[in-house]
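Chain and residue survey
Here is how the chains run, residue by residue.
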Protein chains: 2
Amino acid sequence: MKTITVALGDRSYPISIDAHALKKVGQWLVDIGLKGKVLVVSNPVIFQHYGQQLLTALHKAGFDAQFCLVPAGERYKTLKTVERIYEYCVQYRLERRSTIIALGGGVIGDMAGFAAATWLRGINFVQIPTTLLAMVDAAIGGKTGVNHRMGKNLIGAFYQPKAVIIDPQVLQTLPPREYRSGMAEVIKYGVIWEPQLFTLLEEQSRLSHYRYLPPETLTQILYFSCQTKATIVSQDERESGLRALLNYGHTIGHAIETVTQYRRYTHGEAVALGMIAAGDIAVQLGWWSETEQQRQKALITKVKLPIQLAPDVDIEAIKNALNWDKKVEGGTVRFILPKAIGRAEITDQVSAELIHQALIRLKGQ
Amino acid sequence: MKTITVALGDRSYPISIDAHALKKVGQWLVDIGLKGKVLVVSNPVIFQHYGQQLLTALHKAGFDAQFCLVPAGERYKTLKTVERIYEYCVQYRLERRSTIIALGGGVIGDMAGFAAATWLRGINFVQIPTTLLAMVDAAIGGKTGVNHRMGKNLIGAFYQPKAVIIDPQVLQTLPPREYRSGMAEVIKYGVIWEPQLFTLLEEQSRLSHYRYLPPETLTQILYFSCQTKATIVSQDERESGLRALLNYGHTIGHAIETVTQYRRYTHGEAVALGMIAAGDIAVQLGWWSETEQQRQKALITKVKLPIQLAPDVDIEAIKNALNWDKKVEGGTVRFILPKAIGRAEITDQVSAELIHQALIRLKGQ
């Protein structure tokens, strides 16, 4: 087992990575002082795979565990679905010392976390992420929330879990495209923060499927990724500075998701494209070398993530989406640009012309 | 002006009490670093009295201030009403650095605070309480939230404001019964914590209406009360220990509210009855003297709050309500009992018989 501590004073918590975590989770939760009632929030597919195993482990450790299933998918990430979770909180009479466990991907974690943050003004919360993206990103850092008709994640809370428990074995049931999507964030951590992770990824002959990775390598990749996220959020819990680094690849990535209405590309695919574009801009500015950009491109290619934007996606629409974000953020388009493998910086000094050229090249024109 | 600091590390904030606070509030908010967009959340009646004055002060200080009116009353304290506030957040494009101001009583403060706690995962929040109860209690301590069909305040967050601004002059439009209700909490602070406050109240010939109190005396009463609440919540932000003292009079008070369906007695009236009963139990246990109990009773009488439970209220129903609370809290009925004027303690060692006798005497039988 590998353990990472997210250091946030009296809100610190462990991230535990273990190939048999689902069997051990009951005792672990006892060890960190939890007891009594537990409500597992999950979606039907994940619960069918792992729900019974988790409930058994919890019951064995003496917990009074119940579960609540909510539909999967971003379009169900609403206050309405959270209200369904509240109904279960009422039904099982969850108390202040009770615990909500999120068993699922980012959407489940965000909603269950928001329910835990707001039921009785905050009860215990534990994340058991089941997608690669949730393991290395969404489950760490305390962001919880739901979407509003007018935008994603407009309603939410910063609320730290008591523990994040990662069982890499659950990745075997993850759809391959979702696995690859999560790998985009892993590569991101290599570029912005952790050169050892980048090198480890480069050393693997194949990266595009879970089964190509030896278990200990996968664990090491998860470890480096979680460690990076944990370090950054520890230093900037409420996203006022350093945490912006995590948006590497997300400026253009988010614009691509918007203009393709979140349907054409997964989040990771859009971020991969955004990293290619950001790397390109960094090369143009002389911030990093063509060699490093090629190394990034090679990794993204190895994961079988896209490096080229589909020809029919409208560049003007992407630029408009960037400008809309700019207005919301208050004035400037902010980019995270790499300076070396393992180091990136925030800038608002990227000209419209440079962005335009990078987008043209992203389409391979 | 009198200022109290609620000391909570990097979440510390001032409570400012000033007879012309509403005129000065714009500059004060600039002084604590706020700027940009402000959404004032209020109810129609309060806004009619004080809304324009507040907006003018905000505009003069350079704020882009808008307002949003929601219905008054506990039954509108729901997630549905908070969703209406979110609609205004969307419409005025509130950003992370924007501010929500609650101008109203406890219900407005709770809902506006919850909206501020959850919009974009938390924006700036300022309380301008307009009822005595909100000034000395609800606005201080960071409790925000809404009711659920199954119970009061089941959904919420601990979220500290950036400032609490109290203008005693707004009490002149408060209905007298609401003023007296707030005085119950003031007396409570005298009994559990601040003997100087208790004595100050005893020194006044009349207490039952705002107009009987000289402005400087009223300010001093508000100061002692806010100082007490601030000290207690500073030491126990999340209600794990000391904050329980604030429940003095609330154990039986809450049970009385429940069995009379929140219609017959105001919160303060029920708390007054609860304090009489708790004081009685303390006398029986030898914790404090009959003389002190009589002093408490004299103050409550002077405010024209009830000291005797109406004969048709069923004692068995009150006991059942206490036992239901017990189950929720996990095992025991906890009482806060006075040991002297200015000092109280928590105990779960009150026998059912003692409670029964105290209730019988509360009905004057």
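In every chain, residue numbers begin from 1 and rise along the written sequence. Ligands are numbered from 1 and chains lettered from A, in the order in which they are written. In view of the model being predicted, local features appear only for residues whose pLDDT reaches at least 70, and side-chain atom pairs are presented and counted only at 80 or more, with totals across whole chains, interfaces and linings using the full set of residues. Just so you know, side-chain values use all the structure's heavy atoms and leave hydrogens and water out.

Some words on the environment of glycine 109 of chain B
Residue and element names in this part refer to chain B. With respect to the element layout, glycine 109 can be found in helix 4 (residues 106–118). Separated by 244 residues in the primary sequence, glycine 109 and glutamate 353 place their C-alpha atoms 39 Å from one another. It only takes one pair of heavy atoms within 4.5 Å for two residues to be counted as in contact. Beyond its immediate sequence surroundings of up to four residues, glycine 109 is in contact with Ala102, Phe125 and Gln127. Numbering of helices and strands runs from the N terminus, with a helix taken as a DSSP run of H or I at least four residues long and a strand as a DSSP run of E at least two residues long.

Topic: the relation of the copies chain B and chain A
In this comparison the copies share one frame, found by least squares on the C-alpha atoms of residues holding pLDDT of at least 70 in both. Under the fitted operation, chain B is carried onto chain A by 0.1 Å of movement along the axis and a turn of 180°, and the coordinates agree to an RMSD of 0.0 Å. What we have between these two chains is a two-fold relation. In this assembly the copies share their binding face: 100% of the residues contributing to the interface of chain B also contribute to that of chain A.

A word on the pairing of strand 11 (residues 343–347) of chain B
Residue and element names in this part refer to chain B. When DSSP finds at least two bridges between two strands, those strands are taken to pair. Direction of pairing for strand 10 (residues 335–340) relative to strand 11: antiparallel, over a ladder of 5 bridges. By the bridge assignment for strand 11, proline 338 is matched with alanine 344. Connecting strand 10 to the next strand, strand 11, in antiparallel fashion are 2 residues, including glycine 342 with a positive phi near 105°.

So, the interface of chain B and chain A
Contacts between chain B and chain A engage 31 residues on the former and 31 residues on the latter. Every case where a carboxyl oxygen of Asp or Glu lies within 4 Å of a side-chain nitrogen of Lys or Arg is listed as a salt bridge. The interface formed by chain B and chain A holds 2 salt bridges in total. Among the salt bridges present, the one from arginine 149 of chain A reaches glutamate 87 of chain B, with a minimum N-O distance of 2.4 Å. Under this definition, polar contacts are N or O atom pairs within 3.5 Å; protein pairs additionally need one hydrogen-donor-capable and one acceptor-capable atom, and for neighbouring residues in sequence, both atoms have to be side-chain atoms. On inspection of chain B and its partner chain A, the count reaches 10 residue pairs in polar contact (both at pLDDT 80 or more). Looking at the side of chain B that touches chain A, the elements with two or more residues in it are helix 3 (79–91), helix 4, strand 7 (143–148), strand 8 (151–158) and helix 12 (315–329) of chain B. The element contributing the most residues to the side of chain B that touches chain A is strand 8 of chain B, with 6 residues. All residues other than Ala, Val, Leu, Ile, Met, Phe, Trp, Tyr, Cys, Pro, Asp, Glu, Lys and Arg, Gly among them, are scored as polar; the first ten of these are nonpolar and the last four charged. Of the residues belonging to the side of chain B that touches chain A, the class tally is 14 nonpolar, 5 polar and 12 charged.

Things to note about the domain arrangement of chain A
All names here are of chain A. Examined at the domain level, chain A breaks down into domain 1 (2–172) and domain 2 (176–362). Domains are outlined according to an automatic or database domain assignment. One C-alpha centre belongs to domain 1, the other to domain 2; they are set 27 Å apart. Listed per partner, the contact involves 27 residues of domain 1 and 26 residues of domain 2. Buried surface area refers to the total accessible area, computed with a probe of radius 1.4 Å, that the two partners give up upon joining, counted for both partners together. Taking both sides of the interface into account, the surface hidden between domain 1 and domain 2 amounts to around 2,400 Å²; carbon and sulfur atoms contribute 67%. Contact with domain 2 buries area across many residues of domain 1, yet Leu132, Val136 and Phe158 alone supply 25% of it, more than any other trio.

With respect to the side chain of serine 16 of chain B
The residue serine 16 of chain B is located in strand 2 (residues 13–17) in this model. Excluding anything up to four places from it in sequence, serine 16 of chain B contacts Met1, Lys2, Thr3, Trp28, Val164, Ile165 and Ile166 of chain B.

Notes on helix 4 of chain B
Residue and element names in this part refer to chain B. With 13 residues, helix 4 extends 18 Å between its outermost C-alpha atoms, agreeing within 8% with the 18 Å of an ideal straight helix rising 1.5 Å per residue. We call a residue buried when its accessible area falls under 20% of the maximum for its residue type, exposed when it is over 50%, and partly exposed in between, using a 1.4 Å probe and counting protein chains only. Along helix 4, 12 of the 13 residues are buried, which leaves the element largely enclosed by surrounding structure. Within the span of helix 4, buried status applies to Val107, Ile108, Gly109, Asp110, Met111, Ala112, Gly113, Phe114, Ala115, Ala116, Ala117 and Thr118. Positive phi appears at leucine 120, one or two residues downstream of helix 4, with a value of about 55°. A helix is expected to span 1.5 Å multiplied by its residue count minus one.

Description of the sheet that holds strand 5 (residues 99–104) of chain B
Within a sheet, each strand pairs with its neighbour through backbone hydrogen bonds, oriented either parallel or antiparallel. Residues and elements named next belong to chain B. The mixed open sheet is built from 7 strands, whose spatial order is 1-2-9-6-5-3-4. Edge positions in the open sheet fall to strand 1 (2–6) and strand 4 (64–69), since each of these has one partner strand only. Geometrically, the sheet is characterised by an average inter-axis angle of 20° between neighbouring strands, direction not taken into account. Relative to strand 9 (residues 163–166), strand 2 runs parallel, the two sharing 3 bridges. In this analysis an axis means a line fitted to C-alpha atoms, helices contributing only their contacting stretch, and an angle means the value between N-to-C directions, from 0 to 180 degrees.

Quick notes on the pattern of salt bridges
All names here are of chain A. Throughout the structure, instances matching the rule amount to 34 salt bridges over all chains. Between lysine 319 and glutamate 316 there is a salt bridge, with its nearest N and O atoms 3.2 Å apart. Of the two residues, lysine 319 and glutamate 316 both sit in helix 12 (residues 315–329), 3 residues apart, roughly one turn of that helix. Connected via shared salt-bridge partners are Glu74, Lys77, Asp110 and Lys152.

Comments concerning the packing of aromatic side chains
Between rings of Phe, Tyr and Trp, where Trp is taken as its six-membered ring, a pair exists when centres lie within 6.5 Å; planes separated by under 30 degrees are stacked, by over 60 edge-to-face, and by other angles tilted. Enumeration according to the criterion identifies 8 aromatic pairs over all chains in this entry. Centre to centre, the rings of phenylalanine 47 of chain A and phenylalanine 67 of chain A are 4.3 Å apart; their planes meet at 25°, and the pair counts as stacked. With a gap of 20 residues between them, phenylalanine 47 of chain A in helix 2 (residues 44–60) and phenylalanine 67 of chain A in strand 4 (residues 64–69) connect regions that are remote in the sequence. Exposure remark for phenylalanine 47 of chain A: the relative accessible area of 11% places this residue in the buried category. Overall, phenylalanine 67 of chain A belongs to the partly exposed group, its relative accessible area being 35%. One residue, lysine 2 of chain A, lies across the ring of tyrosine 223 of chain A, its end atom 4.7 Å from the ring centre. Sitting over the ring of phenylalanine 158 of chain A, arginine 121 of chain B keeps its end group 6.0 Å from the ring centre. Our definition puts a charge over a ring when NZ of Lys or CZ of Arg is within 6 Å of the ring centre and also within 35 degrees of the ring normal.

What to know about the side chain of glutamine 160 of chain B
Residues and elements named next belong to chain B. Along the polypeptide, glutamine 160 turns up in the loop between strand 8 and strand 9. Only 3.0 Å separates the side chain of glutamine 160 from the side chain of tyrosine 13, close enough to count as a polar contact. Engagement of the side chain of glutamine 160 in a polar contact is seen with the side chain of glutamate 237, the distance being 3.0 Å. Among residues more than four places away in sequence, those in contact with glutamine 160 are Leu8, Arg11, Tyr13, Gly141, Gly142 and Glu237.

Examining helix 11 (residues 290–302) of chain A
All names here are of chain A. Spanning 13 residues, helix 11 covers 18 Å between terminal C-alpha atoms, matching the ideal 18 Å at 1.5 Å per step. Within helix 11, burial applies to Glu292, Gln293, Gln296, Leu299 and Ile300. Seen along its axis, helix 11 keeps its buried residues to an arc of 120°; they face one direction. Buried positions along helix 11 lie against helix 6 (176–192), helix 7 (195–203), helix 10 (267–284) and strand 10 (335–340). Trailing helix 11 by a residue or two, lysine 304 shows a phi angle of about 65°, which is positive. In this context, the arc is that of the directions from the helix axis out to the C-beta atoms.

Side note on the packing of helix 7 (residues 195–203) of chain B against helix 11 (residues 290–302) of chain B
Residue and element names in this part refer to chain B. Taken N-terminus to C-terminus, the directions of helix 7 and helix 11 make an angle of 55°; their axes are 10 Å apart at the nearest point. Judged by the angle between their axes, helix 7 and helix 11 are oblique. Read as a crossing pair, helix 7 and helix 11 show a hand that is left-handed. The residues of helix 11 that touch helix 7, namely those facing Phe198, Leu201 and Glu202, are Arg295, Gln296, Leu299 and Lys302. A per-class count over the contact of helix 7 with helix 11 returns 3 nonpolar, 1 polar and 3 charged. Here is the rule for angles: anything less than 35 degrees is roughly parallel, anything more than 145 is roughly antiparallel, 65 through 115 is roughly perpendicular, and the remaining ranges are oblique. Helix crossings are classified by the rotation of the near helix relative to the far one: an anticlockwise turn of less than a right angle makes the crossing left-handed, while a clockwise turn makes it right-handed.

Remarks on the sheet that holds strand 3 (residues 37–42) of chain A
Residues and elements named next belong to chain A. Here 7 strands make up an open sheet; going across it, the order is 1-2-9-6-5-3-4 and the pairing mixed. Only two strands of the sheet have a single neighbouring strand rather than two, namely strand 1 (2–6) and strand 4. If you compare each strand with its neighbour and ignore which way they point, the axes differ by 20° on average. Pairing geometry for strand 1 and strand 2 (residues 13–17), over 5 bridges, is antiparallel. By the bridge assignment for strand 2, threonine 3 is matched with serine 16.

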